[in-house]
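# Notes for the structure review
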Amino acid sequence: MTTVSEYLFQRLESLGVEHIFGVPGDYVLDLMDVLNKTPINLICNCNELNAGYAADAYARVRGLGAVCITYGVGGFSLVNAVVGAYAERVPLVVISGAPNSSVKTSNLLLHHTTGDYNLQLSIMEKITVAAVNLTKASQAATQIDQTLAACLHYKRPVYIEIPLDLVNQTCIIPENQPPLSLKFTNPETESAALEEAVEEAVNLLENAQRPVILAGVEFNRFGLQDKLLQLLEITGYPLATTMLGKSCISEMHSQFIGNYLGALSRDNICERIETADCVLCLGAIMSDMNLGGYTANLDERKLINANSEKVKIKHHFYQPVYLGDFIDGLISKLQKKDHETLDIIPAYHILSESFIPQPENKLTNHRFYERINHFLEDDFIVIADTGDAIISTMDLFMPQNTDFIGQAFYLSIGYSIPACLGAAMADPLRRLMVFVGDGAFQMTAQELSTIIRYKLNPIIFLINNDGYTIERVIQDGAYNDIQPWKYHDIPHVFGESWSCEVSTEGELEAALVQAKANTDCVSFIEIYLDRFDCSPGLMRLGKALGKKA
């Protein structure tokens, strides 16, 4: 015997969740009291949106994240973070307290509600793969298991609502607890579709002279990175990644040629991908940003597009086919191609050119990121916010055991600072490096205080280019102006930290030396750039989106 809330937290702990993010409120206080008695750490955030972003990043690093909030004002404040997690296939468990079950029939107008006690559940049902309101303690354990299984199965958010009166009610632990890591498809129903998909794909690839692999985010979500490395070794093919799939393998790999985002990519990557006679696209979300504002030029007649559940080759669909099984089928049948015909120029060759700082020169966008490319080391987690930061970091090279995190599909501005908190909690042995614009920082700046509260030591680059540069490039107007803050002073308001201002290449060198040595607290570096000094990729994107507007 156990209680409903204890059972939920036991199951989350068994799945590797060591931290849950959230904000207290009267409908969730009893639940948090139970949580505080478990080995799981409750990390209280400045607001629910930030808690959701933090839990999202935690899930990207650990494989599962959770957020705990109060009813109504808490749940609705969280919605944007949940939608982003749904769009980008992030396994996130949303736990919400709720009023006593009896009020649903009493017609009482309680605070934090509209009087419609199904409203929050109805909204969450639309942005999760499973949403449940626990109403009977006798059924709670089964409902919790089914909901968590859906989260892990589909790698998308789920919602569990627990009324106050159920928190401490006893429930029976099922005698045969179901496994929460489920096989994605049934081998009996998959086998015929899988065999035909592999046969057609192998035929195309074996007859191609210059094939290429385009890898996406599902390698990260479904833990298939080892299979990707095996496929590369077996075939010898060159590999590019989408923006959302960035860092699914080490970008120092000899077959990695760069990130492909249509017109946003470097010319040599565009040319290699778009002239390939067969593109093996694996685990990619084909969104507008992943395709460079739909400037990508991928010929469907030469495209094999495999996702977690299905394979599309030319105009043929094969379903259900699990991505991991499809890759295994390719590995068993494909032969290694002649390296000379594959035209592989490893992306890391760019790093062979040493960076020589010009101390008196004003710092530019191009020179800043060029210098960071030579500063990054193994075992970092790099986070980029929406805006020119995420586009500029596209060409940063992720070394061994370095992960890249960014909302490259949903593109919610302000994601990076709370995400830094979540990722740091998920893997305390790796150091965080964050790139955030001034406009994005103003959205969620207060979560820097939580980072300082827990004595974390990320290196945060605040790119001060005087407003919403990404919007200026698309269409400029007074709406892109923001109140200038003294950004480098803000960390000291929150607590112990180190910060500085950088305008020249010499100042950047001094700041990097200090930040690398400062492992005791936050290093916050404000980078001054001109208003329209941005990445070439952003200029190309602005033109592409402007034409579509």
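Residues numbered from 1 in each chain as written. Predicted model: local features only at pLDDT ≥ 70, side-chain atom pairs only at ≥ 80, totals over all residues. Heavy atoms only, no water.

Moving on, we come to the pairing of strand β6 (residues 130-133). Here four bridges tie β6 to strand β7 (residues 158-163), and the two strands are oriented parallel to one another. Residue Ala 131 lies in a different strand from β7, and its bridge partner there is Tyr 159. Each parallel crossover has a hand, and the one from β6 via helix α6 (residues 137-154) to β7 is right-handed. (Pairing = 2+ DSSP bridges. Helix = DSSP H or I, 4+ residues; strand = E, 2+ residues; numbered from the N terminus. Right-handed = clockwise from strand over helix to strand, strands pointing away.)

Helix-helix packing is characterised by the crossing angle of the two axes and by the distance between the axes. Where helix α3 (residues 48-62) meets helix α4 (residues 73-87), the closest approach of the two axes is 7 Å, and the angle between their N-to-C directions is 35 degrees. Where α3 crosses over α4, the two elements pack in a sense that is right-handed. For the pair α3 and α4, contact is made by Glu 48, Leu 49, Gly 52, Tyr 53 and Asp 56 and by Val 73, Gly 74, Ser 77, Leu 78, Asn 80, Ala 81, Gly 84 and Ala 85, respectively. Its residues assigned to classes, the contact of α3 with α4 shows six nonpolar, five polar and two charged. (Axes fitted to C-alpha atoms, helices over the stretch in contact; angles between N-to-C directions. Left-handed = near helix turned anticlockwise from the far one by under 90°. Contact = heavy atoms within 4.5 Å. Nonpolar A, V, L, I, M, F, W, Y, C, P; charged D, E, K, R; others polar.)

The next subject is the UniProt feature "domain: Thiamine pyrophosphate enzyme N-terminal TPP-binding" (unreviewed entry) in the protein chain. Using the residue numbers shown here, the UniProt feature "domain: Thiamine pyrophosphate enzyme N-terminal TPP-binding" (unreviewed entry) corresponds to residues 3-102. End C-alpha to end C-alpha, residues 3-102 measures 19 Å, and it is 48% helix and 21% strand. (UniProt positions renumbered as here; feature names shortened; annotations may be inferred.)

Before going further, it helps to examine the UniProt feature "domain: Thiamine pyrophosphate enzyme TPP-binding" (unreviewed entry) in the protein chain. On the UniProt side, "domain: Thiamine pyrophosphate enzyme TPP-binding" (unreviewed entry) is annotated at positions that read residues 398-527 here. The span residues 398-527 is 37% helix and 22% strand, and its two end C-alpha atoms sit 22 Å from each other.

This part covers the sheet that holds strand β20 (residues 497-502). Spatially, the six strands line up as an open sheet ordered β17-β16-β18-β19-β21-β20, and their pairing is parallel. Each having just a single partner strand, β17 (403-405) and β20 make up the two edges of the open sheet. On average, adjacent strands in this sheet sit at an angle of 15 degrees to one another, irrespective of strand direction. For strand β18 (residues 431-437) and strand β19 (residues 459-464), the ladder comprises five bridges, and the chain directions are parallel. Directly across from Val 434, in β19, lies its bridge partner Ile 460. Against the sheet, helix α15 (residues 416-426) contacts β16 (380-384), β17, β18 and β19, and its axis sits at roughly 170 degrees relative to β18.

This part takes up the environment of Gly 115. Relative to the assigned elements, Gly 115 resides in the loop between β5 (92-98) and α5 (119-127). For Gly 115, a relative accessible area of 30% corresponds to the partly exposed category. Distance from Gly 115 to Thr 242, taken between C-alpha atoms, is 45 Å for residues 127 residues apart in sequence. (Buried < 20%, exposed > 50% of the residue type's maximum accessible area, 1.4 Å probe, protein only.)

To continue, consider the packing of aromatic side chains. Within this structure, the stated rule accounts for twelve aromatic pairs. A centroid spacing of 5.7 Å and a plane angle of 35 degrees characterise the contact between Trp 485 and Tyr 487, whose relative ring orientation is tilted. In this structure Trp 485 comes out as partly exposed when scored by relative accessible area, which is 30%. In textbook terms, an aromatic cluster arises when at least three aromatic residues are bridged by ring pairs, as seen for Phe 368, Tyr 369, Phe 435 and Phe 461. One cation-aromatic arrangement involves Lys 246 over Phe 404; the distance from NZ or CZ to the ring centre is 5.7 Å. (Phe/Tyr/Trp six-rings, centres within 6.5 Å; stacked < 30°, edge-to-face > 60°. Lys NZ or Arg CZ within 6 Å of the ring centre and 35° of its normal.)

A word on the pattern of salt bridges. Taken as a whole, this structure holds 20 salt bridges when the rule is applied. A salt bridge links Arg 60 to Asp 56; the shortest N-O distance between them is 2.5 Å. Placement of the pair is Arg 60 and Asp 56 together in helix α3, with a separation of four residues, close to one helical turn. A salt bridge links Asp 427 to Arg 430, with the nearest nitrogen and oxygen atoms 2.8 Å apart. Look at Asp 427 and you get buried, because its relative accessible area is 18%. A relative accessible area of 9% means that Arg 430 is categorised as buried. One network of salt bridges, with partners in common, ties together Asp 56, Arg 60 and Glu 88. (Salt bridge = Lys/Arg side-chain N within 4 Å of Asp/Glu carboxyl O.)

Our next topic: the pairing of β16. Burial runs high along β16: five of the five residues are buried. Here β16 shows a buried face lined by Phe 380, Val 382 and Ala 384 and a second buried face lined by Ile 381 and Ile 383. In this sheet, β17 lies alongside β16 in parallel orientation, the contact comprising three bridges. Bridge pairing in β17 places Ile 383 opposite Ile 405.

So, on to the sheet that holds strand β10 (residues 239-241). One open sheet accounts for seven strands, arranged β11-β10-β9-β12-β13-β14-β15; its pairing is mixed. This sheet does not close on itself; its edge strands, each paired only once, are β11 (256-259) and β15 (316-318). Across the sheet, the mean angle separating the axes of adjacent strands is 20 degrees when strand polarity is ignored. One ladder, built from three bridges, connects β10 with β11; its direction is parallel. From the neighbouring strand, Ala 240 faces β11, where its bridge partner is Gly 258. Relative to the sheet, helix α11 (residues 323-333) contacts β12 (278-282), β13 (303-306) and β14 (311-313), its axis offset from that of β12 by approximately 140 degrees.

Right, let's talk about helix α13 (residues 365-373) for a bit. Of all nine residues in α13, seven are buried, a share of seventy percent or more. Among all positions of α13, only Asn 365, Arg 367, Phe 368, Tyr 369, Arg 371, Ile 372 and Asn 373 are buried. At its buried positions, α13 is contacted by α14 (388-392), β18, β19, α20 (505-517) and β21 (522-528).

Once that is clear, we can look at the nonpolar core. Grouped together as the largest cluster of nonpolar side chains are 52 residues, with contacts concentrated most on Phe 21, Ile 383, Phe 441 and Leu 448. Broken down by element, this core gets its largest block of residues, eight residues, from α15. Ignoring any residue separated from it by four or fewer positions in sequence, one finds Phe 441 in contact with Ile 417, Val 436, Leu 448, Leu 462, Trp 485, Tyr 487, Ile 490 and Phe 524. Judged by nonpolar contacts, the second largest core, of 41 residues, contains Met 243, Phe 380, Met 433 and Ile 525. (Core = buried A, V, L, I, M, F, W, Y, C linked by side-chain atoms within 4.5 Å.)

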